[in-house]
Structure formats: structure tokens, C-alpha cells
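So you can see what is in the structure, the chains are spelled out below.
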Amino acid sequence: MSLLFKQRGAAGANQRKLGLFAKVIAFFVGNIRHWLAALGDIWRDPIPSILTVAVLGVSLTLPSIMYVVAKNAQSVEQHWQSAAEISLFLHTDLSEKQLQTFIKQVELHPKVEKVVFVSNEQALSEFEQLSGFGDALSLLDSNPLPNVLIVVPLADYAFASPAADLLTEFEQMREVEFGKLDIEWLRRLNAVLNLIKDTMGSLGLLLCISVVLIVGNTIRLSIINRKEEIEVLKLVGATDGFIQRPFLFTGLWYGFFGGLIAWLSIELMLYYLSGSIVTIADLYQSDFRLAGLSVSEMINLLLMSMGLGLSGSYLVVRKQILLIEPDSSI
Amino acid sequence: MIRFEQVSKSYSGGVQALQKISFHIQPGEMAFLTGHSGAGKSTLLKLISIMERPSAGHVFINGHDLSKVNRKQIPFVRRDIGMIFQNHRLLRDNTIFDNVALPLVIEGYGLKAIRKRVETALDKVGLLDKARYYPNMLSGGEQQRVGIARAVVNTPPILLADEPTGNLDPKLSLEIMRLFEDFNSVGTSVLIATHDLGLIARMKYRTLTLTRGRMVQDGLEASGANGVES
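Residues numbered from 1 in each chain as written. Chains lettered and ligands numbered in written order. Predicted model: local features only at pLDDT ≥ 70, side-chain atom pairs only at ≥ 80, totals over all residues. Heavy atoms only, no water.

(A) Focus on empty space enclosed by the protein. Counting across every chain of the model gives two cavities of 30 Å³ or more. L235 and V236 of chain A together with R78, R79, I81, G82, M83, P103, R150, A151 and N154 of chain B are the residues that line the largest cavity. For the lining of the largest cavity, the secondary structure elements donating two or more residues are β6 (81–84) and α5 (140–152) of chain B. Considering each element in turn, the lining of the largest cavity owes the most residues, three residues, to β6 of chain B. Of the residues belonging to the lining of the largest cavity, the class tally is six nonpolar, two polar and three charged. Roughly 50 Å³ of volume is contained in the second largest cavity. Along its surface, the second largest cavity is lined by L47, I50, E52, R53, P54, V59, L66 and S67 of chain B. Residue classes in the lining of the second largest cavity are distributed as five nonpolar, one polar and two charged. (1 Å grid on protein atoms, 1.4 Å probe; cavity = no way out; pocket = protein on both sides within 12 Å on 5 of 7 lines; lining within 4 Å. Points joined across faces, edges and corners; volume = space filled by probe spheres on them. Helix = DSSP H or I, 4+ residues; strand = E, 2+ residues; numbered from the N terminus. Nonpolar A, V, L, I, M, F, W, Y, C, P; charged D, E, K, R; others polar.)

Given below as C-alpha cells:
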């Protein structure tokens, strides 16, 4: 492919007969070669690379930890969503028949998902087991606890205000002594969780930007370090694309190793924390377990960090390589 | 092959490097470019390899006006020009083989073709047995020969050399010049910038003499040229 000498190709000097298949193969081989060469460059000059990769790892660990925390918080929150239940405390003077009719009536209510009836005996025995007042309770001559009907509203009515409306509706019924719906704390929890999520989102964004900038700056420095080599490449007719490629691949590698470090540190951290989480969960009688990153999330993390590394290098490579022109002595 | 038409080059700050230079080097011709340091030799070579653009006038290679070559096409022009530098400009971290192979790798040759061509080029400059060495393990003359092998490995029709013998003793210089003659004898146009007038006098080739950016002589002999000291 000679620009100035049409006859060069015909003369055989530059003649290359490549089919489409061979070209595709050559393209991939060329790219793989560059990809490995970039790894080799990192290996040959490891100190700046290790430092960069470590910084990237830490930068990526923070948003990933936030992601893990948000994910676990969500599972806890879902657990607490069932707290949007309405407890109806019934009058103690209802007959068995009245009770059954009332339960049926509430169950058939169009806004109700399901009901759970907790009789006063059930409640008492549960209380005996959990409170440790077993012996003291046996001194009581009658059961002081009321029958309780736990009403789970349909998902559409589980939010704060429709659930409160539903509660007032049930409280109007004459079988109900009073109802209880602890909604304020749920609202507050939701608000706090949203705040935490938004904070994490913006912090994560900032840290991702910092990854792009760190990779960009490292690549910029390594381009400046290899100024002489780039000049020679330009002198012997390398296109800008050819010169850019190894640096782009280096950015990709930085992203990959940074992501790997982030993943490892998350796993270590989870391992370190899991003990204390289990203790807390046991104290709260919860079977909550800290969930780490799944395989697909891990692959996403790696792909994302590689993408960030690539975009970081892409940002600087083009401009920086344009700036280097061979001009000292020809 | 290389034609200059009223080419002037001034750098910012008003330094006039070249003034109204015109000459034509025929295909297959070998010529010397001489003059004091600062006479504009390097600038002239830079205009051919488009490291600089002329302020006025036109440079043609093989009838193509270089002012019509855009930034993206420059690499392809340079692939047709073998360039040799006084300071060799070899990559220190690469072996001799890899240095010489560079132009071929850039053009996307296959491994087999690369090996064949690099070995031919290294054989030509007598360094085939040092293909696995690194540049700093070679002497100055050997490094220069590696530079020449790199310049000719893709058999370019034009060879430019800027003070190729600048750091070499007379015997080595002559060896290098013989190499250029060999390449010239197979049809390559060769333009060598040098201030080694003794060497030029021995070689009997066309000599372009520059003084303060002007072409003062274009002919066979350089030693009698006005304003040129030996």
C-alpha cells in the first residue's frame, strides 16, 4: 500500500496477497500480540504499574463495597417490608363464631393479601418461650392477652398512607379494640436507605471518575517516558493507531488488575466481617448472612474496571501521541 | 524522484532556513547534500519526510505534491522513504532483529516474511550474526549499519541519510558509503547530507551545496564551491 509509488505493489516489493480470512486472522493475531506486549511492558517496568494498579484497586474497592452494602441493606429492607403488617387487637369478649366470621370478613376484604390469626393461647405460649417469664406467667389465673389478627395488605396498599387508611377502616369495626401499624419508623428507614443509596451512587461515580483520571495520568506519563520510541515509530511510518494500541491495551490491563484487587479485597473484607455479622445477627435472632459478589457481579466488576481503564487511556492517548513529533535531528 | 520547486522555509522568529531551493534528483540517482551546520541540510531532509512543511514552494516525490498529503497519510509516505540518522535512533530495549523488523511489523508483514527480509537486510550490512544483540552491545559503526538495515528492510525507493558518518572514522565512513552505493546500484535514489567534504571528493557524485539556506552549487564537485570551507 504505497501512497506515492503505484508501481511498488506491482514490482513485488510490497506485494501481499491476503484473503479476507487471512486479514481477519492477521487482525486478531496483531491485537493479541499487542495485548500480550502491553502485559510484557507492565512486567518489565513493574513499579509504577504496581502502584497504579494498587491505587486503582483501592479506588474500585470503595464503590464495590458500597454496592455490597447496598445489596445487603436491600435484602434486610425486604425482610422488613413484611413489617408493613397491621396488627388488629380484638375484643376479648367475642364468641368463637363471631371470631370466625370476623376473620372471614377481613380475609375477603379486597385490599387484603392474607391474614394470620394468633389466638391468645398461642400468643401466651410464645411469650412464655421467648420472654423467660414462664414461671411467673403460670401464676396468672386468666390469659391477659387478646386475640390478634395480623393483616397483610396487598402490595399496592402496603405503603405508608394507604396502609394507614386501611388501619382506620378496620378500627371502625366493632370487633376490633385497636389496631397498630408502625409506619413512621418504616418511612424513616426508607428515607435513610434512599439517602445512603444516593450518597453511595454519587461517591461511586466520583471514584469511577478518579479511576479514569488515574489511568489517564499514568498512561500519559508512560507515553512521555517513551517519547523517543514513539518518535522512531513515527519516523519509520507507524500510523497513530499503531502507536496508540499498546497504550490502550495497557489501560485495559490496569483496569483488569485493579478490578482483580478490588474483588480480592472485598472477599477478604467479607471474610473478616462475616464473623461479627453472624454474632450480631444471632443476637437479633435473625438468620441474616452477609452476601458477597456473585460470579456475574464479579465479571461485571472486572468488565467495568477494564472499561474505565480503557476510557482513561483513550482520553489521553490520542492527544498525547499527536503532541509527540520527531523533530530533533532527523 | 525528489523535486523541489522554489521551496522556502522560515521558522517562527523569522529564521530563514531555506530560500527558494529548486533541484531535481532523478530516479536511481545518488547525490550528496552539503554545507555548514545550520545551512539548512536537515531542514531540507525534513521537508522530504514531511517532518516540516515548506513555507512556500512545493516538494514533489515521484510527481506527487507533498503539500497535498494530509496528516493521516504521512506515515504511508514515510514507509516509502528509508531514513538514516547520525545518532542511529535505534530502540535500546529491543534486539537488533526487532529494530530492523520494525518497519515490517508496522506494515503488517507475516512472521515468515519478516524473518526472511530482516535476515537479508542484516546479511547485507554484515551483522547477521548479531541479530540477537542489543544496540548498546554494538560499536558505533555497527549501530549505524543496523540503522541502515532498518532503513532498507522494506526496500524503499528513496533513501535519506543525515550525517550518517558523523561519528565514524574515515575507514568506517567509506564502508558505510559503499553500502549506499550498493543500494543505489539496484535503483534506489539516495540523498546523503554530510559535511565530510573529503569523503564527497573521493566519491564523485552530484553534490548540492547549501549556504545559509541558499543553493550555491549543484554539480559534481564540491571542494571548489564558493563559501564552503573544508
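Next, the rest of the story.
(B) Structural view of the nonpolar core. V100, V118, L122 and F180 of chain B are the most contacted members of the largest nonpolar core, which has 39 residues in total. Elements that contribute at least two residues to this core include exactly β3 (30–34), α3 (96–107), α4 (111–124), α5, β7 (158–162), α6 (170–185), β8 (189–193) and α7 (197–203) of chain B. Sequence-distant contacts of V118 of chain B, that is, excluding residues within four places in its chain, are made with F97, V100, A101, L104 and V153 of chain B. With 38 residues, the next largest nonpolar core counts V215, I219, L252 and I324 of chain A among its residues. (Core = buried A, V, L, I, M, F, W, Y, C linked by side-chain atoms within 4.5 Å. Buried < 20%, exposed > 50% of the residue type's maximum accessible area, 1.4 Å probe, protein only. Contact = heavy atoms within 4.5 Å.)

(C) Representation of helix α4 (residues 96–107) of chain A. Residue and element names in this part refer to chain A. Look at α4: 16 Å from first C-alpha to last across 12 residues, which is about the 16 Å you get at 1.5 Å a residue. Of all the residues in α4, the buried ones are L99, F102, I103 and V106. Within α4, the buried residues cover an arc of 100° as seen down the axis, which keeps them to one side. (Expected span 1.5 Å × (residues − 1). Arc of directions from axis to C-beta.)

(D) View of the interface of chain A and chain B. Between chain A and chain B, the residue contacts involve 33 residues of the former and 39 residues of the latter. Of the roughly 3,400 Å² buried at the junction of chain A and chain B (both faces included), carbon and sulfur atoms supply 57%. The interface formed by chain A and chain B includes four salt bridges. R71 of chain B is the salt-bridge partner of E325 of chain A, the closest N and O atoms lying 3.4 Å from each other. Viewed at the interface, chain B and chain A are joined by six residue pairs in polar contact (both at pLDDT 80 or more). Listing elements by their share of the side of chain A that touches chain B, those giving two or more residues are α1 (6–11), α9 (227–235) and α10 (240–283) of chain A. Ranked by residues supplied to the side of chain A that touches chain B, first place goes to α9 of chain A with seven residues. Of the residues in the side of chain A that touches chain B, the class split is 14 nonpolar, eight polar and 11 charged. (Buried area = accessible area lost by both parts, 1.4 Å probe. Salt bridge = Lys/Arg side-chain N within 4 Å of Asp/Glu carboxyl O. Polar contact = N/O pair within 3.5 Å; in protein donor to acceptor, adjacent residues only side chain to side chain.)

(E) Up close: the sheet that holds β3 of chain B. Residue and element names in this part refer to chain B. Read across the open sheet, the six strands follow the order β6-β7-β8-β3-β9-β10; overall the sheet is mixed. Edge positions in the sheet fall to β6 and β10 (214–219), since each of these pairs with one other strand and no more. Taken pair by pair, the neighbouring strands of this sheet meet at an average axis angle of 15°, ignoring direction. Where β6 and β7 come together, four bridges link them in parallel fashion. (Pairing = 2+ DSSP bridges. Axes fitted to C-alpha atoms, helices over the stretch in contact; angles between N-to-C directions.)

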